[in-house]
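Working through the structure, step by step
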Amino acid sequence: MEKSTRFIGYAGCALLVLGLIGWALQLTGGLLAGSGMTNIFLWGLMIAMFAFMVGFGAGAQIVASAIFLTGREELMGLARTASAIGLACVGAAGIAILADLGAIRNILFMLTGLNFNSPLAWDMMAMTAFVILSVVQLVMIARNSSQVKIWATLAGACAVVLQIIEGLLFSLQSVHAWWATPIMPIDFLAVAVVSGSALVLFIACMKGTDSTGLAWLARLCAIAVAVHLVLALADLGLVALEGSPVSDGVLAAIGGQLPLYVAELILPAAGMIILFATMRSPKGTPKMIASALIVVGILAHRLMLLYPAYNAPSLYLTLSGTDSVTGPYPISTGRYLDWDTTFALGTNYMPAPVEWLAALLPIGVAIVGTFVILWAMKKISSTATR
Amino acid sequence: MREMTRRDFVAASAGATCAIGAALALDASIGSAEAEALTGSAPFDEKWIRTTCSPNCTGACGMMAYAKDGRVHMIRQAADYPYEHYNPRGCLKGLSINTMLSGPDRLTVPLIKDEDGKQVETDWDTALDTAANRLKEIMDEYGPESIGVIYQVQGTGHIQKGALVRIANTFGWSVIGGYELNGDLPMFWPETFGCQSEELESYCWEDSKLTLIFGSNIMVTRMPDAHFLTYSQENGGRVIYFDPNYSASAERADEWVRIAPDSDGAFALGMAKTIIDEGLFDEHFMRTYTDSPLLINTQTGKRILADEVVGVQAVADIPDYRSSFVAISQTSGAPVATTPLELPDNDYALTGTYEIALTDGSTVEAKPAFQLLAEQLEQYSPDAVADICNVDADTIRRIARDAAQTKPMHIIFGGGTQQWYHGDLKGRACALVACLTGNVGQLGGGISTYVGQYKTRFNTASWMAPEGSIKNSCPFHYWVNGPTPLMKAKYPKDGFKAIVVGWGNPLEQHNVANWLREHVDSGDIELFCLDFQQTLTATAATVTFPCASWYEKTELTTTPLHPYVQLQQRIVDPPGQAREEIWIFTELANRIDPSKETLWPRFAPEDSEKRADEVLALLLEKGGPTIDHLTPEELRHGPGKLAHANPGEKRIPFWEQINERIPFPTVSRPNPLDATSKFVRSGRIEFYRDEDIFLELGEQLPCYKPPFEDTEYKDDPDARVLYPLGYTTRNSAFRVHATYVNNPFMLELQDNTPKVWLNPETAAERGLKTGDWVEVYNSRGMVEGQLIEDPGVYPTQCIFDQGWWSAYDNKTSYNSLIWPWINPTNEVYYIASVWSPNMAWNETACNVRLSNGGAPQIVRDTGKSILDGPIPQGSGIEYAKGAES
Amino acid sequence: MRFAMAIDLDRCIGCRTCAVICKDFNAQPQGIWWNRVFTSGTPEYDVAVKVDDQLRMEFVPISCQHCTNAPCQTVCPTQATYTDPDTGTVLVDYDRCIGCRMCASACPYGVRQFNWGAPAKMAGLGGTELEYGYPEPYHDGEHLVYAPHRPEGVMEKCTFCAQYTSQGKEPVCCRSCPGNARIFGDMDDPSSPIRAYLKDKEPFFLGEEYHTEPNIYYLAAHKVTQVNQVPASADGKEA
């Protein structure tokens with residue numbers, strides 16, 4: 001193994017351990033009470049991490065499937081890695097959801113008495129389906145089977161469905177105007193492609209893949225970013241033009257996090273430009289920089305899922321008997337003892353230290369998981385070829 | 001009228017749920033037989049016991065409490081008042097007192113100050129002996145009248161609290177009238193009607209067709225009664241609410257009239273002028289029941305006595321507190337003597353100028369009081385008044401006509417408008433409107449004041465005035481101002497040396513101009529305190545006695561707001577070493593002077609309830625016709641209704657005067673009638689006061705005088721510029737004065753934050769905005785709070801919600817800004833709580849600025865539990881446990 | 001039966017007795033409020049709001065609307081949130097809730113309250129814990145819908161005082177309202193108090209744009225005529 005790869009492996013282990021410590025602290029020291037979340041700002045850094053990770057997972061799988069489908073020989077090795085990353089990241093995303101649960105002790109009820117109307121149930125089923133398909137696909141890859149293409153396609157399709165479902169998980173909550181658009185599921189998919197392709201491109205550069213391959217990946221990524229930015233700006237445009245009290249609240253919440261929002265637009269845009277500019281270049285460094293910028297921008301995007309949703313009140317009252325809107329209605333934060341107000345209209349959410357720590361868990365799982373999966377595949381390969 | 005109430009859920013046919021409901025007899029049920037199909041749960045019904053919630057709010061709401069493990073675990077309203085519309089009563093504060101009864105601020109151990117002045121826990125004997133010895137020393141050296149007694153407050157307790165009055169009367173301590181100490185004595189009442197105060201019980205509000213509310217935020221300060229105004233509206237009545245500031249009561253009214261602060265009196269005078277000018281006044285009422293026809297010597301300003309007039313003989317056999325005056329008979333055109341013994345129909349002239357020959361040989365010009373009134377009102381035309389009040393003249397005329405032509409019409413004149421230096425003038429003007437429109441003595445009509453639970457509704461002397469009573473009293477005003485030349489109250493020869501305070505927190509609530517704290521800190525005044533919460537007063541006292549709360553003893557309560565006598569009952573034992581006050585005072589009396597044992601027969605602490613029962617029986621038996629039909633047994637089960645003079649379900653104030661022509665005043669218990677009758681010697685409602693000081697001040701008739709001219713600006717002309725805002729320490733929805741300040745639920749609702757309200761423009765002028773931590777200040781003191789911009793606040797006002805213990809507010813006290821001005825009209829006579837200098841809380845000028853310090857830690861760390869949790873122990877104030885630090 | 005509640009805004013005085021007794025009776029931990037009462041248009045209590053050139057201070061109590069088409073129930077993955085078929089009450093089974101908080105995220109009314117950690121204790125006498133509220137757990141069938149000691153990490157909200165309604169009594173907010181502004185009953189029963197109260201009136205609902213079919217019927221308040229000569233600029237910005 002190369003030195004850099006080994007370093008990544010060790011880093012992954014460290015993150016995994018730290019993340020477990022963070023989660024353990026949350027479980028014992030008052031579960032989620034040490035966090036910055038409230039009854040207004042219900043999902044925080046961990047759910048942002050879930051979305052972040054699942055984007056890489058599904059996206060990496062989609063990239064891998066695309067490689068398998070288009071039969072690009074120079075990228076086959078990469079496709080193998082991408083598939084492994086796909087499973088590891090989706091698994092990590094699942095771990096993130098579990099780590100965010102307040103009462104994980106009751107998790108078995110998701111099996112007995114599952115509510116099929118719930119988007120979370122669909123998410124669980126889609127993730128499970130993906131895991132199964134991905135495992136089969138990986139075994140096929142490991143055995144160098146002729147069926148790889150079929151299973152890769154199925155896994156890729158499942159990844160697409162997974163992203164649509166998760167987009168729906170947000171967009172079906174009509175309470176949050178920021179999410180409740182038909183664009184959301186599509187954009188979720190686009191962001192997955194962006195994430196996956198950026199990550200795979202980064203790894204491709206690290207591995208010294210040749211320029212045709214890099215160019216293919218770079219184009220895929222850049223176009224995906226372009227699509228995503230168009231969708232994101234369309235979303236913003238819809239909100240800006242609506243002119244209702246609710247949409248004004250969304251704009252205000254965005255304004256309250258302007259640096260973060262600007263980052264989510266500017267960073268991927270910059271990356272995209274770099275990619276278009278250096279597409280044919282064999283040099284890896286600019287593309288790696290571009291990928292990094294895009295990844296950070298996507299993290300900002302995932303965080304910006306939350307603020308305009310939770311800090312934009314959903315309930316605006318009118319003076320009874322009239323049509324005059326008076327204003328939004330406060331919510332009990334549920335965080336009196338260690339908080340500043342009992343009731344509020346929004347939460348200036350800043351993840352608590354233990355949340356940052358726990359957020360390392362999905363990253364660690366993803367990294368370590370990738371290594372473990374690749375190792376397992378190598379084992380299967382070697383037994384297959386024996 | 002929406003007749004359906006919570007009690008009527010069960011439709012006539014659905015008797016099924018009554019099986020459960022019947023056992024309780026009083027609970028509402030959903031109204032359907034299918035309720036039995038639901039999974040049942042344990043009702044605990046047989047374990048609920050009734051008591052009465054009793055802070056000084058006039059609610060006196062029946063509560064049922066469920067005890068578990070010796071603590072009150074749940075509270076709900078009893079809602080068992082026979083007059084259905086009274087139900088349910090209760091409010092958010094009393095319903096959550098279970099958090100305080102066994103909370104960390106509960107006093108459970110007697111406390112005394114050791115030699116270093118530090119307060120330490122002790123046993124009952126030491127505490128009682130220390131207090132007894134110290135009090136005896138003070139009595140011996142300075143006289144018993146040097147010991148002041150603060151007793152909060154009359155109607156909330158006649159047995160246990162009554163024992164403090166009894167001991168004061170036993171030794172001759174000076175009772176500091178709580179009514180005027182709290183600013184609640186509405187002086188216009190004795191000045192006009194000769195009585196302490198009067199009011200409709202709230203169930204009369206639903207009978208009013210027009211209610212004018214001045215300075216009384218009923219929806220906040222009378223939560224249990226507020227719905228009667230709504231019922232009035234649902235019955236086709238209207239409510240007009242006068243207030244410089246918008247409030248919950250403005251919102252529920254039909255009309256809000258935003259008058260300038262302290263201008264209510266001017267508005268009423270403008271109304272009076274309109275009513276008289278347009279001939280809409282009730283001539284018969286004015287002639288029969290008021291001093292309107294009585295002749296005034298225009299040169300001396302004095303009422304002319306019958307005996308002074310040639311050819312007129314005073315009515316015979318009148319007591320020395322009455323006088324026979326003179327009026328002009330329209331039939332004969334000649335002066336006749338008026339009788340103060342009854343109020344017959346008559347033909348007296350209300351207007352005109354007359355020449356009266358006096359027995360001393362002179363002839364004087366005389367006018368009936370009504371004539372002088374009409375002349376006085378010339379300067380109060382609606383156009384003139386419009387400027388004072390900052391409303392338009394047409395509004396005044398319109399409302400005046402409305403008030404005159406809608407019956408019954410009820411004026412509520414509240415603390416917010418009365419607690420100014422010239423509160424009496426304003427009240428007299430409003431009383432004038434009530435009389436001109438003939439609404440006094442009618443069901444749902446007249447004028448009422450609602451402030452504290454002051455009223456003695458039956459004869460209490462059997463317990464409170466023991467044999468050999470020495471009754472001393474002196475208003476708190478004189479402690480702070482010192483004796484004045486005009487005072488009629490008795491000032492102790494060496495001043496005051498001690499206060500025995502029961503169930504009050506004067507170091508916070510009566511700490512005007514920081515006076516009391518300074519004198520206690522310097523040792524000039526010693527405190528002896530009884531309470532069930534650990535207040536600042538309790539922590540500063542030489543001796544503090546922990547008491548039983550309203551859930552832990554037998555006590556008798558009444559209130560002016562409803563006609564029911566209720567008991568507090570012992571649902572749980574007082575925690576720790578807390579004991580019933582009746583035992584505490586018995587022991588104290590005996591230890592001060594063992595010869596008093598006949599008055600104070602001793603008993604063991606565990607026999608306190610037995611003794612309370614005896615006193616209860618005594619009070620009922622000897623209480624007089626309003627109460628002696630009630631028995632202890634029936635009161636143990638629910639409310640008992642006081643008797644009243646007029647026929648019909650509801651008591652009508654002054655009914656006997658208006659219908660049976662008995663002269664004014666009504667009795668102001670516990671004073672005998674003759675003590676207060678001299679306030680209205682004529683036996684009539686008096687709008688003209690001819691005592692020298694009234695004449696000197698030009699206040700013989702109701703008039704308008706602006707705020708601060710005779711007080712703040714006279715004291716310090718710079719105040720006009722330095723302190724341009726009016727300071728109002730209003731009552732909060734979350735407290736009854738300072739009671740409940742440490743209720744955890746109330747604190748949560750307020751984020752532990754004392755607040756200051758300003759109009760946005762007023763704030764902007766000072767560069768302030770919502771959320772800033774500010775200081776409200778004047779030359780005397782300062783209080784801090786978080787600023788809230790509120791367009792509903794009048795631009796010249798600054799509002800602070802009173803009742804915050806200073807521990808929550810960086811040790812600042814809202815009362816430190818206030819001075820107890822003495823209005824000389826309040827010194828013409830002295831009867832404690834009837835005619836006495838009254839605290840004019842609102843007569844305070846102030847200004848607001850940004851605070852250099854920040855919000856106190858307790859505001860930043862909202863309430864913390866001392867128990868294990870994510871919050872470290874010892875951080876933050878545990879519900880003001882750190883008050884002494 | 002279909003339990004419903006009418007709240008007459010014309011009678012509501014904004015005293016918050018309903019919110020406090022709800023908290024006290026249902027042993028809600030510190031920080032948690034199932035029921036809240038605010039002035040329409042401002043998060044600050046006791047402040048007037050400028051609406052249509054007038055100052056107003058309308059109080060609107062909001063607690064769980066027990067929607068017939070409850071989004072919280074739709075999204076709950078384990079069916080911890082469910083509707084009691086006998087009464088239409090939307091309840092939470094503390095033993096099934098996994099604490100994912102999607103229900104709270106989906107609720108337009110912000111009424112769901114999460115136990116973020118172990119419920120904080122309240123100080124009692126002498127360092128002991130203060131306990132309050134209905135002292136025993138209540139099960140609807142096998143569902144644990146109320147417990148005086150809350151499990152960690154589960155969601156809770158108004159239950160229409162299931163412990164009481166199962167005894168044929170009304171929820172404590174209705175019983176305790178000093179203004180008699182809250183009326184409870186069975187909408188399927190023509191003789192119920194709520195049907196009688198709503199007769200010939202036009203109730204409105206909150207959050208109609210979310211299509212939740214709430215079962216809290218609001219009645220509008222009357223207009224307040226105002227004589228107010230304080231200049232408009234002093235009365236601040238529009239709400």
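Residues numbered from 1 in each chain as written. Chains lettered and ligands numbered in written order. Predicted model: local features only at pLDDT ≥ 70, side-chain atom pairs only at ≥ 80, totals over all residues. Heavy atoms only, no water.

Thoughts on the overall build of chain B
Scanning chain B for helices and strands turns up 32 helices and 30 strands. Taking 29 Å as the expected radius of gyration for a compact globule of 885 residues, we find that chain B reaches 27 Å, a close match to that expectation. Across its three principal axes, chain B shows a C-alpha extent of roughly 85 × 75 × 65 Å. By element, 49% of the accessible surface of chain B is carried by carbon and sulfur atoms, the whole surface being about 26500 Å². (Helix = DSSP H or I, 4+ residues; strand = E, 2+ residues; numbered from the N terminus. Rg over C-alpha atoms; globule rule 2.2 N^0.38 Å. Areas by Shrake-Rupley, 256 points an atom, 1.4 Å probe, with all protein chains shown as cover.)

Some details on empty space enclosed by the protein
Considered as a void within the structure, the second largest cavity measures approximately 180 Å³ in volume. Every residue lining the second largest cavity is counted, 22 residues in all, and those nearest its centre are A:H176, A:S314, A:I331, C:C107 and C:G110. Both domains that furnish three or more residues to the lining of the second largest cavity are identified here as domain 1 (16–172 + 358–386) and domain 2 (174–331) of chain A. (1 Å grid on protein atoms, 1.4 Å probe; cavity = no way out; pocket = protein on both sides within 12 Å on 5 of 7 lines; lining within 4 Å. Points joined across faces, edges and corners; volume = space filled by probe spheres on them. Domains from an automatic or database assignment.)

Considering the domain arrangement of chain A
Residue and element names in this part refer to chain A. With domains assigned, chain A is organised as domain 1 (16–172 + 358–386) and domain 2 (174–331). Measuring from the centre of the C-alpha atoms in domain 1 to the corresponding centre in domain 2 gives 21 Å. Buried area between domain 1 and domain 2, both sides added, is near 3100 Å², and the carbon and sulfur share of it is 81%. The interface formed by domain 1 and domain 2 includes zero salt bridges. (Buried area = accessible area lost by both parts, 1.4 Å probe. Salt bridge = Lys/Arg side-chain N within 4 Å of Asp/Glu carboxyl O.)

Examining the sheet that holds strand β10 (residues 255–257) of chain B
Strand order in the open sheet made by the six strands is β17(B)-β16(B)-β8(B)-β9(B)-β10(B)-β16(C), with parallel pairing throughout. Looking at the sheet topology across the chains shown, the edges are occupied by β17 (446–448) of chain B together with β16 (225–227) of chain C. For this sheet the average axis-to-axis angle between neighbouring strands, irrespective of direction, equals 15°. Bridge count for strand β8 (residues 210–214) of chain B against strand β9 (residues 238–242) of chain B is five bridges, and the pairing is parallel. (Pairing = 2+ DSSP bridges. Axes fitted to C-alpha atoms, helices over the stretch in contact; angles between N-to-C directions.)

Notes on the state of the cysteines
If you walk through the whole model with that rule in mind, you get zero disulfides over all chains. Free cysteine: B:C53, not disulfide-bonded; nearest cysteine sulfur from B:C57 at 6.2 Å. Left unpaired, C:C97 is separated from the closest cysteine sulfur, that of C:C103, by 6.3 Å. When its relative accessible area of 8% is taken as the criterion, C:C97 is described as buried. (Disulfide = S-S within 2.5 Å. Buried < 20%, exposed > 50% of the residue type's maximum accessible area, 1.4 Å probe, protein only.)

Overview of the interface of chain A and chain C
With 61 residues of chain A in contact, the opposing surface of chain C contributes 61 residues. Taking both sides of the interface into account, the surface hidden between chain A and chain C amounts to around 4700 Å²; carbon and sulfur atoms contribute 59%. Run the count over chain A and chain C and you get one salt bridge. Put simply, C:R101 and A:D100 hold a salt bridge, and the shortest N to O gap is 2.6 Å. Across the chain A-chain C interface, the total number found is 39 residue pairs in polar contact (both at pLDDT 80 or more). Counting only elements with at least two residues in the side of chain A that touches chain C, the list comes to α4 (119–142), β1 (316–318), β2 (325–328) and β3 (331–332) of chain A. The greatest single-element share of the side of chain A that touches chain C, amounting to three residues, is contributed by α4(A). Broken down by class, the residue content of the side of chain A that touches chain C amounts to 32 nonpolar, 26 polar and three charged. (Contact = heavy atoms within 4.5 Å. Polar contact = N/O pair within 3.5 Å; in protein donor to acceptor, adjacent residues only side chain to side chain. Nonpolar A, V, L, I, M, F, W, Y, C, P; charged D, E, K, R; others polar.)

Considering helix α14 (residues 393–405) of chain B
For α14(B), built from 13 residues, the straight-helix expectation of 18 Å at 1.5 Å per residue is met to within 8% by its first-to-last C-alpha distance of 18 Å. Taken together, the buried positions of α14(B) are B:A393, B:T395, B:I396, B:I399, B:A400, B:D402, B:A403 and B:A404. (Expected span 1.5 Å × (residues − 1).)

Focus: the pairing of β9(B)
Residue and element names in this part refer to chain B. In terms of burial, β9 is a largely internal element, four of the five residues being buried. Bridge count for β9 against β10 is three bridges, and the pairing is parallel. Bridge pairing links Y241 to W256 in β10.

Examining the packing of aromatic side chains
All names here are of chain A. In total, this model carries 71 aromatic pairs over all chains according to the counting rule given. A centroid spacing of 4.6 Å and a plane angle of 15° characterise the contact between F41 and Y349, whose relative ring orientation is stacked. Highlighted residues: F41 in the loop between α1 (3–28) and α2 (45–70) and Y349 in the loop between β4 (343–344) and α12 (353–385), separated in sequence by 308 residues. In this structure F41 comes out as buried when scored by relative accessible area, which is 0%. A network of ring pairs unites the aromatic residues F41, W43, F170, W179, F188, Y307, Y310 and Y349 as a single cluster. (Phe/Tyr/Trp six-rings, centres within 6.5 Å; stacked < 30°, edge-to-face > 60°.)

A word on the nonpolar core
Core analysis: the largest hydrophobic core is formed by 218 residues, its most contacted members being A:W43, A:F50, A:W179, A:L217, B:W205 and C:I62. The element best represented in this core is α2(A), accounting for 18 residues. With near-sequence residues (within four places) excluded, A:W179 lies in contact with A:W43, A:F170, A:S171, A:Q173, A:M184, A:L305, A:A309, A:Y310 and C:S105. Within the second largest apolar cluster, 67 residues are counted, among which are B:W189, B:F193, B:I411 and B:C703. (Core = buried A, V, L, I, M, F, W, Y, C linked by side-chain atoms within 4.5 Å.)

Some thoughts on the pattern of salt bridges
Residues and elements named next belong to chain B. With the rule as written, the count across this model stands at 59 salt bridges over all chains. Across the pair E526 and R134 runs a salt bridge, and its minimum N-O distance is 2.5 Å. Separated by 392 residues along the polypeptide, E526 in strand β20 (residues 526–531) and R134 in helix α3 (residues 124–142) bring together distant segments of the chain. The partly exposed category is assigned to R134, whose relative accessible area is 27%. Between D573 and R570 there is a salt bridge, with the nearest N and O atoms lying 3.1 Å from each other.

So, a nonpolar patch on the surface
Residues and elements named next belong to chain A. Nonpolar side chains collect at one region of the surface, where V17, L18, I21 and L25 lie side by side and expose about 330 Å² of accessible area between them. Inspection of the secondary structure assignment puts L18 in helix α1. A residue is classified by how much of its surface remains accessible, and L18, at 36% relative accessible area, is partly exposed. (Patch = residues over 30% accessible without salt bridge, like charges linked within 9 Å, V, L, I, M, F, W, Y side chains within 5 Å.)

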